[in-house]
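Topology and contacts: notes
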Amino acid sequence: MINENLIIVGSGPAGLTAGIYAARAGLSPLVIEGMLSGGQLTETAEVENFPGFAESVSGLDLMTSMHAQAEKAGVRFAMDAISSVDFSGSVRRLVGMVDTYEAKCVIIATGATPRWTGLPGEELYKYHGISSCAVCDGNFHKGKDVAVIGGGDTALADVIHLAKICRCVTLIHRGDSFRGTKVLVDRVLAASNVRVLKNTQVVSFNGNGGKLESLTLSNGETLSVSGAFVAIGHVPQTDFLKGSLDLDDEGYVCTNGVDTSVSGVFVAGDCANPLYKQAVVAASTGAQAAQQAQHYLEG
Ligand code: NAP
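What you see as residue numbers is a count from 1 along each chain, following the sequence as written. This being a predicted model, a pLDDT of at least 70 is required before a residue's local features are given, and a value of 80 or more before pairs of side-chain atoms are given or counted; all residues contribute to the totals for chains, interfaces and linings. Hydrogens and water molecules were not included; the side-chain quantities draw on all heavy atoms of the structure.

Turning to helix H7 (residues 279-298), a few remarks are in order. For the purposes of this entry, the term helix denotes a DSSP run of H or I that reaches at least four residues, the term strand denotes a run of E that reaches at least two, and both are numbered from the N terminus. Given the number of residues in a helix, its expected span is that number minus one, multiplied by 1.5 Å. With 20 residues, H7 extends 29 Å between its outermost C-alpha atoms, agreeing within 8% with the 28 Å of an ideal straight helix rising 1.5 Å per residue. Buried, partly exposed and exposed residues are distinguished by accessible area as a fraction of the type maximum, computed with a 1.4 Å probe on protein chains only: under 20%, between the cut-offs, and over 50%, respectively. Ala279, Ala282, Ala283, Thr285, Gly286, Ala287, Ala289, Ala290 and Ala293 are the residues of H7 that are buried. Residue contacts follow a heavy-atom distance rule, with two residues in contact if any of their heavy atoms lie within 4.5 Å. Here the buried face of H7 lies against strand E1 (2-9), helix H1 (13-24), strand E6 (100-108) and strand E17 (265-267).

Where burial is concerned, the two faces of strand E5 (residues 92-96) differ: the one with Arg92, Leu94 and Gly96 is buried and the one with Arg93 and Val95 is not. At least two DSSP bridges between two strands are needed for those strands to be called paired. As defined by bridge partners, strand E4 (residues 82-86) adjoins E5 across four bridges and the pair is classed as antiparallel. Within E5, the residue paired with Ile82 across the bridge is Gly96. Counting the residues that bridge the hairpin from E4 to E5 gives five residues. Direction of pairing for E5 relative to E6: antiparallel, over a ladder of four bridges. Following the sheet pairing, Arg92 is matched in E6 by Ala103. Between E5 and E6, which pair antiparallel one after the other, the connecting turn spans three residues.

This next bit is on the state of the cysteines. Here, two cysteine sulfur atoms that lie within 2.5 Å of each other are counted as a disulfide. Counted under the stated rule, the structure contains one disulfide. Linked covalently through their sulfurs, Cys133 and Cys136 form a disulfide whose S-S length is 2.0 Å. Negative torsions about the S-S bond denote left-handed disulfides, and the value of about 75° found for Cys133 with Cys136 makes this one right-handed. For Cys136, a relative accessible area of 43% translates into the label partly exposed. Not engaged in a disulfide, the cysteine Cys105 finds its nearest cysteine sulfur in Cys271; these two sulfurs lie 15 Å apart.

A word on unusual backbone geometry. Of note in this structure, Ser28 is not a glycine but carries a positive phi near 50°. Positive phi values are uncommon outside glycine, yet Lys277 reaches one of about 45°. Tracing the backbone through its elements, the reader meets Lys277 in the loop between E17 and H7. Assessed through its relative accessible area of 26%, Lys277 is described here as partly exposed.

Strand order in the open sheet made by the three strands is E12-E13-E14, with antiparallel pairing throughout. Only two strands of the sheet have a single partner each, and these edge strands are strand E12 (202-207) and strand E14 (222-224). Each neighbouring strand pair of the sheet contributes to a mean axis angle of 25°, computed without reference to strand direction. Taken together, the five bridges between E12 and strand E13 (residues 212-217) define a ladder with antiparallel strand orientation. Counted as the bridge partner of Asn206 is Ser214 from E13. All axes are obtained by fitting lines to C-alpha atoms, using only the stretch in contact for helices, and the reported angles, taken between N-to-C directions, cover 0 to 180 degrees.

The structure is reproduced here in structure tokens:
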């Protein structure tokens, strides 16, 4: 059993910023990193809209630097995946795969994970051609044809990244207009090796049993590809909180600012924010949560 003052669950921009603020406030926080240290941003090729970087910075470099800053501030880290919590007493209990933790105060900053389509063939060819991370897996398809599914910033950024590596990238979007930022849309439309299919859906993922070979599309086309990148949004990582904190219908933590339904348990970042999902917003709510935690612990 590990007894702590403040535990922060999650190590993306929200968790690390909360850690930096809390450590500098003398709260001696423990950050539980989860299995993907640094969170979703480590899978983003280029970040152009995080303030402070006149040139773009890679998501991995940004998070590595944030981690180093947190360590320097005095944050301690544990690598674990929390599977259940008990927030009913004044001492909050968190049960992980590796250890069990107790703390006076908790900040939840677990973010969100990529959503999958659930279409036929997806489970069979997931990680055998189907991926949710263009930065991680794009190089497997160097010089080959690939597809990206989605119409938001993630899909557009994936297309831009893959167009530099692959022969042809087909963007398949179910809608008529893109949700993503105009600057990214313009770059996608300007790329000579990108084909855009709007108002089109994937019907199935097909292959030889071992690896993905093609997609059947709603326009009747069979699209030959070696890779398909699914970029259709995210699902909050909050299953372990069910029954302990109020969650909305989609699983996002219900909030009032950074307060949750339990006093002394605060929340920051994408697991509570279905609207903005920006690294800078996550970082800002991390700072707010740390300050609320300080008031709670010292008040
Ligand atoms: P998103 O903005 O929610 O977009 C999801 C896209 O997937 C939408 O176009 C949606 O179509 C489509 N979609 C959803 N379910 C689908 C399904 N079952 N089949 C086919 N298409 C489906 O998600 P996101 O692109 O991951 O972005 C999430 C947040 O992160 C956004 O706020 C975004 O701005 C931010 N982000 C920012 C950057 C950056 O560079 N700053 C990079 C990545 C992400 P409809 O449009 O038809 O609903």
